[in-house]
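Chain by chain, the residues:
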Amino acid sequence: MERAEPSKDAVIARLWSHVADLLLLICGSDAKTLDGIMGEMDATAKMCERYADADDAELYALDVAEMARKLAGEGLEKWESRRT
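Below: a short report on this structure. In every chain, residue numbers begin from 1 and rise along the written sequence. Note on the predicted model: pLDDT of at least 70 is required for a residue's local features to be given, and 80 or more for side-chain atom pairs to be given and counted; whole-chain, interface and lining totals, by contrast, use all residues. To get the side-chain values, take all heavy atoms of the structure and skip hydrogens and water.

### Quick look at the side chain of Asp21
Counted only if it meets this: Labels follow the DSSP assignment, with helices taken as runs of H or I lasting at least four residues and strands as runs of E lasting at least two, numbered in each case from the N terminus. We call two N or O atoms a polar contact when they sit within 3.5 Å, provided that within protein one can donate a hydrogen and the other can accept it, with sequence-adjacent residues counted only if both atoms are side-chain atoms.
Following the sequence through the fold, Asp21 ends up in helix H1 (residues 8–26). Reaching out from Asp21, the side chain makes a polar contact with the side chain of Lys32 at a distance of 2.9 Å.

Shown next as structure tokens:
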């Protein structure tokens, strides 16, 4: 099964999570280490590579294509039943 690429919203959510983790670390929390947070940030940076050279129109096209794949995966019967 093909692994889905994260959406822009998922990447943004991860970035805010990193900000929160860093703030907690600064405030003295030992829930995560700096090395752990940096490792997660590296993984998020790899997720951003798909968007590096894209303009807004390209990003919109990626989102539309992603939604089409989701709809196709859920099957037509489900969507047909919603219309009636």
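### Some points on the packing of H1 against helix H2 (residues 34–48)
When two helices pack together, their arrangement is captured by the angle between the axes and the distance separating the axes. To keep things clear, this is the line we draw: Every axis corresponds to a line fitted to the C-alpha atoms, with the helix fit spanning only the stretch in contact, and the corresponding angles, defined between N-to-C directions, vary from 0 to 180 degrees. By the definition adopted for this analysis, an angle is roughly parallel if under 35 degrees, roughly antiparallel if over 145, roughly perpendicular if from 65 to 115, and oblique otherwise. By convention, the crossing between two helices is left-handed when the near helix turns anticlockwise from the far helix through less than a right angle, and right-handed when the turn is clockwise. Working rule for contacts: check all heavy atoms of both residues, and any pair within 4.5 Å makes them a contact. Any residue that is not Ala, Val, Leu, Ile, Met, Phe, Trp, Tyr, Cys, Pro, Asp, Glu, Lys or Arg is counted as polar, Gly included; the first ten are nonpolar and the last four charged.
The interhelical angle for the contact between H1 and H2, taken along N-to-C directions, is 165 degrees, at an axis separation of 10 Å. Classified by the interaxial angle, the pair formed by H1 and H2 is roughly antiparallel. For the pair H1 and H2, the sense of crossing is left-handed. In this structure, H1 contributes Val11, Arg14, Leu15, His18, Asp21, Leu22 and Leu25 to the contact, and H2 contributes Leu34, Ile37, Glu40, Met41, Ala43, Thr44, Met47 and Cys48. Counted by class, the contact of H1 with H2 contains 10 nonpolar, 2 polar and 3 charged residues.

### Side note on the pattern of salt bridges
For clarity, the cut-off: The rule for a salt bridge is simple: a side-chain nitrogen of Lys or Arg has to be within 4 Å of a carboxyl oxygen of Asp or Glu. For each residue, the accessible area found with a 1.4 Å probe, counting protein chains only, is set against the maximum for its type, and the residue is called buried under 20%, exposed over 50%, and partly exposed in between.
As enumerated under the stated definition, the model contains 2 salt bridges in all. Where Lys32 meets Asp21, a salt bridge forms, and the shortest distance between an N and an O atom there is 2.9 Å. Linking Lys32 in the loop between H1 and H2 with Asp21 in helix H1, this pair joins segments that are 11 residues apart in sequence. Lys32 sits in the partly exposed class, given a relative accessible area of 33%. With relative accessibility at 12%, the residue Asp21 sits in the buried group. Across the pair Lys32 and Glu40 runs a salt bridge, and its minimum N-O distance is 3.1 Å.

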